[in-house]
Amino acid sequence: MNSALRIFCCLVAFCIGSIESLQAEEAKQASPNFVIIFADDLGYGDLECYGHPKFKTPHLNQMAAEGARLTQFNVPVPYCAPSRATLLTGRYPWRHGVWFNPAPDGKQFNTGVGIADSEVLISELLKEQGYSTLCVGKWHLGHNPRFYPTRHGFDDYLGILYSNDMRPVNLIKGEQVIEYPVIQANLTKRYTERAIEFIEENQHKPFFLYLPHAMPHKPLAASEAFYKKSGNGLYGDVIAELDWSVGEILKTLKDLKLDENTLVIFASDNGPWFGGNTAGLSGMKSTSWEGGLRVPMIARWPGKIPPRQVIDTVCGSIDVFPTILKQAGIKVPVDRVIDGKDLFPVLTEQAPTPHAALFSMKGNSLFTVRSGPWKLHIKPSPRQLLANQGKDWVDPRGPDGVTIIAPYEQAMPNQPPGLLTGDQPAPMMLFNLEKDPAEQHNVAKDHPEVVARLQKLYEEMQTQVPDSIRNFDPRARSKK
């Protein structure tokens, strides 16, 4: 009897274990995983699959071949923090409130500013549904403790809370400083290793990995495995390591058989700094030309997103939030304006744009309106920053070997990433981006009806910008 009872108990235990394993596997397959890889200051033309003549990006090329490569993907602001907040909330900066770059060494937004508790992030909604969540890399939605990623839906965090050229450059784990100064050459490698560790730890449950890389934001830095190996300078080394990182993550998903249950999105927060490439677009980071606002975007999900697609539909980073929520089976919040639209019909059927118009912002003002092929520059923007500087420019936030540790051979203003030609910047310039993607010829006089239509769209949206933003006084903020 004792022997039979033991056998019976073992059989019961085996069956329970098998059922639990099956249930875990079913749960893993029922809820899709999401990975967002967000490069920093990566230009529209910085990748081989977007036409760079020298840089080699085999893993991103393969990702594009296995999914969709978008050619008209826009960000709402041509610099860091507002673009990131928009990605995570699906809302324009004048709605989520982060329309500036928090900077601990800045004059205006150096403390007490960041993403509001009232905002709802992808991470928070997914976590409520049982997802494991991790942010690895650049946060830039506030560097005071109440703004930390771990206070906004992420189970853990590893990274620098702001740009890698803002002092002090501290590496944070969770909510604690673990390294200062930071050896920036190791950042891409360390971020990738932590991302892979997270995927492995959570392979049996749904997860959300948000990987906002530090590179290729200045100062550029690459690990020993990539430094001076690309044959295309430091910028090329950095791009090669970034491509390697993407390849390692995709390989991990395949090895763990998570590939067909994971949506992977790769994009950039804005256009490039010096040394980058816009693929012939005008302008650069911090300008409202296409070189500042149009970025690469690749989406991959085997079995869901058809391979080898090149999609010209006009869309933007505001659309990532509702797209992920729809695939996770989570309702989009109805207690606030969500500007983004579900992109899945675009990614799977090349549906037309879900937007009547897209808007961009610089500082506390709306700058451009994009509708179909037309783009209206409400306000002028320079085509190049630091236009009077050259290869001898001294970057006040450049590597000093003490507080910012990175190679000294950084890209300089004599290496502009975008076209500098074209009609002189002026208010109310109109361009047909289908015929003139480089924004060379202002056709406002030839199409007054288009100008009037887009100006009306601008005026309607302008009424939704809070007075506190429109009337912002930088002098008052800098005195605080």
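Now for a look at the structure at hand.

Basis of the calculations
Residues numbered from 1 in each chain as written. Predicted model: local features only at pLDDT ≥ 70, side-chain atom pairs only at ≥ 80, totals over all residues. Heavy atoms only, no water. Buried < 20%, exposed > 50% of the residue type's maximum accessible area, 1.4 Å probe, protein only. Helix = DSSP H or I, 4+ residues; strand = E, 2+ residues; numbered from the N terminus. Arc of directions from axis to C-beta. Disulfide = S-S within 2.5 Å. Polar contact = N/O pair within 3.5 Å; in protein donor to acceptor, adjacent residues only side chain to side chain. Contact = heavy atoms within 4.5 Å. Axes fitted to C-alpha atoms, helices over the stretch in contact; angles between N-to-C directions. Parallel < 35°, antiparallel > 145°, perpendicular 65-115°, else oblique. Nonpolar A, V, L, I, M, F, W, Y, C, P; charged D, E, K, R; others polar. Salt bridge = Lys/Arg side-chain N within 4 Å of Asp/Glu carboxyl O. Pairing = 2+ DSSP bridges. Core = buried A, V, L, I, M, F, W, Y, C linked by side-chain atoms within 4.5 Å. Phe/Tyr/Trp six-rings, centres within 6.5 Å; stacked < 30°, edge-to-face > 60°. Lys NZ or Arg CZ within 6 Å of the ring centre and 35° of its normal.

A few points about helix α2 (residues 58–65)
Given 3.6 residues per helical turn, the α-helix brings residues three or four places apart onto the same face.
Thinking step 1. Residues Leu60, Met63 and Ala64 constitute the buried set of α2. Around the axis of α2, the buried residues are gathered within 100° of arc, so they sit on the same side.

Some points on the state of the cysteines
Thinking step 1. In this structure the tally under the stated criterion is 0 disulfides.
Thinking step 2. In this structure Cys80 is not part of a disulfide, and its nearest cysteine sulfur, from Cys135, lies 14 Å away.

Observations concerning the side chain of Arg91
Thinking step 1. As for its position among the elements, Arg91 is in the loop between α3 (80–89) and α4 (93–96).
Thinking step 2. Looking at Arg91, its side chain comes within polar contact range of the main-chain oxygen of Arg95, at 3.1 Å.
Thinking step 3. Polar contacts involving the side chain of Arg91 include one to the side chain of Glu119, which spans 2.9 Å.
Thinking step 4. The contacts of Arg91, once residues within four sequence positions are left out, are Thr86, His96, Glu119, Arg336, Val337, Ile338 and Asp339.

Quick word on helix α9 (residues 320–328)
Thinking step 1. Where burial is concerned, most of α9 is hidden: 7 out of the 9 residues are buried.
Thinking step 2. Considered for burial, the residues of α9 that qualify are Val320, Phe321, Pro322, Thr323, Ile324, Leu325 and Gln327.

Overview of the packing of helix α6 (residues 187–201) against helix α7 (residues 233–255)
Thinking step 1. Taken N-terminus to C-terminus, the directions of α6 and α7 make an angle of 10°; their axes are 10 Å apart at the nearest point. Considering their axes alone, α6 and α7 lie roughly parallel with respect to each other. Together, Thr188, Lys189, Thr192, Ala195, Ile196, Ile199 and Glu200 of α6 and Glu241, Leu242, Trp244, Ser245, Glu248, Ile249, Thr252 and Leu253 of α7 make up the contact between the two elements.
Thinking step 2. Split by residue class, the contact of α6 with α7 holds 7 nonpolar, 4 polar and 4 charged.

So, the pattern of salt bridges
Thinking step 1. If you walk through the whole model with that rule in mind, you get 29 salt bridges.
Thinking step 2. One salt bridge connects Lys173 with Asp156, and the closest N-O pair in it is separated by 2.7 Å. Taken as a pair, Lys173 in strand β5 (residues 171–173) and Asp156 in strand β4 (residues 156–159) lie far apart in primary sequence, 17 residues in all.
Thinking step 3. Overall, the relative accessible area of 34% leaves Lys173 in the partly exposed class.
Thinking step 4. Asp156 gets classed as buried once you look at its relative accessible area, which sits at 15%.
Thinking step 5. Among the ionic pairs, Arg300 bridges to Asp259, the shortest N-O distance being 2.8 Å. With a gap of 41 residues between them, Arg300 in strand β9 (residues 294–300) and Asp259 in the loop between α7 and β8 (262–268) connect regions that are remote in the sequence. For the pair formed by Arg300 and Asp259, the shared burial category is buried.

What about the pairing of strand β7 (residues 207–212)?
Thinking step 1. β7 sits mainly inside the fold: 6 of its 6 residues count as buried.
Thinking step 2. Where burial is concerned, the two faces of β7 agree: the one with Phe207, Leu209 and Leu211 and the one with Phe208, Tyr210 and Pro212 are both buried.
Thinking step 3. Bridge analysis of strand β1 (residues 33–39) against β7 gives 5 bridges, and the strand direction is parallel. Residue pairing in the sheet places Val35 in a bridge with Leu209 of β7.
Thinking step 4. Both strand β3 (residues 132–136) and β7 contribute to a ladder of 4 bridges, which runs parallel.

Overview of the environment of Ala221
Thinking step 1. With respect to the helices, strands and loops of the structure, Ala221 is situated in the loop between β7 and α7.
Thinking step 2. Sequence separation of Ala221 and Glu409 is 188 residues, and the distance between their C-alpha atoms is 9.7 Å.
Thinking step 3. If near-sequence neighbours (up to four positions away) are discounted, Ala221 is found in contact with Gln184, Ala185, Met215, Leu234, Val238, Ala406 and Pro407.

Thoughts on the nonpolar core
Thinking step 1. Ranked by internal contacts, the top residues of the largest apolar core, which has 104 residues, are Phe73, Trp139, Tyr191, Tyr210 and Phe266.
Thinking step 2. Top contributing element to this core by residue count: α7, with 9 residues.
Thinking step 3. Among all residues touching Phe266, those that are not within four sequence positions of it are Ile37, Ala39, Leu42, Leu47, Leu60, Met63, Leu242, Val246, Pro296, Met297 and Ile298.
Thinking step 4. Counting 30 residues, the second largest nonpolar core, distinct from the first, contains Trp94, Val113, Trp374 and Val451.

Structural notes on the side chain of Thr86
Thinking step 1. Looking at where Thr86 falls in the secondary structure, it is placed in helix α3.
Thinking step 2. Contacts of Thr86, omitting those with residues within four sequence positions, involve Pro76, Arg91, Tyr92, Pro93, His96, Ser317 and Ile318.

Some points on the packing of aromatic side chains
The geometry of an aromatic ring pair is captured by the separation of the ring centres together with the interplanar angle, meaning the angle of the planes.
Thinking step 1. This model, assessed by the stated rule, comprises 19 aromatic pairs.
Thinking step 2. Relative to Trp393, the ring of Trp273 lies with its centre 6.4 Å away and its plane at 50°, an arrangement referred to as tilted. Here Trp393 lies in the loop between β14 (374–377) and β15 (429–432) and Trp273 lies in the loop between β8 and α8 (290–293), a separation of 120 residues in the sequence. Like Trp393, Trp273 is buried.
Thinking step 3. Here the aromatic cluster, defined as three or more aromatic residues joined through ring pairs, consists of Trp99, Phe100, Phe109 and Phe472.
Thinking step 4. For Arg69, the ring lying beneath its charged end belongs to Tyr50, and the centroid distance is 4.8 Å.
Thinking step 5. Across from the ring centre of Tyr44, 5.6 Å away, lies the NZ or CZ of Arg294, which sits over that ring.

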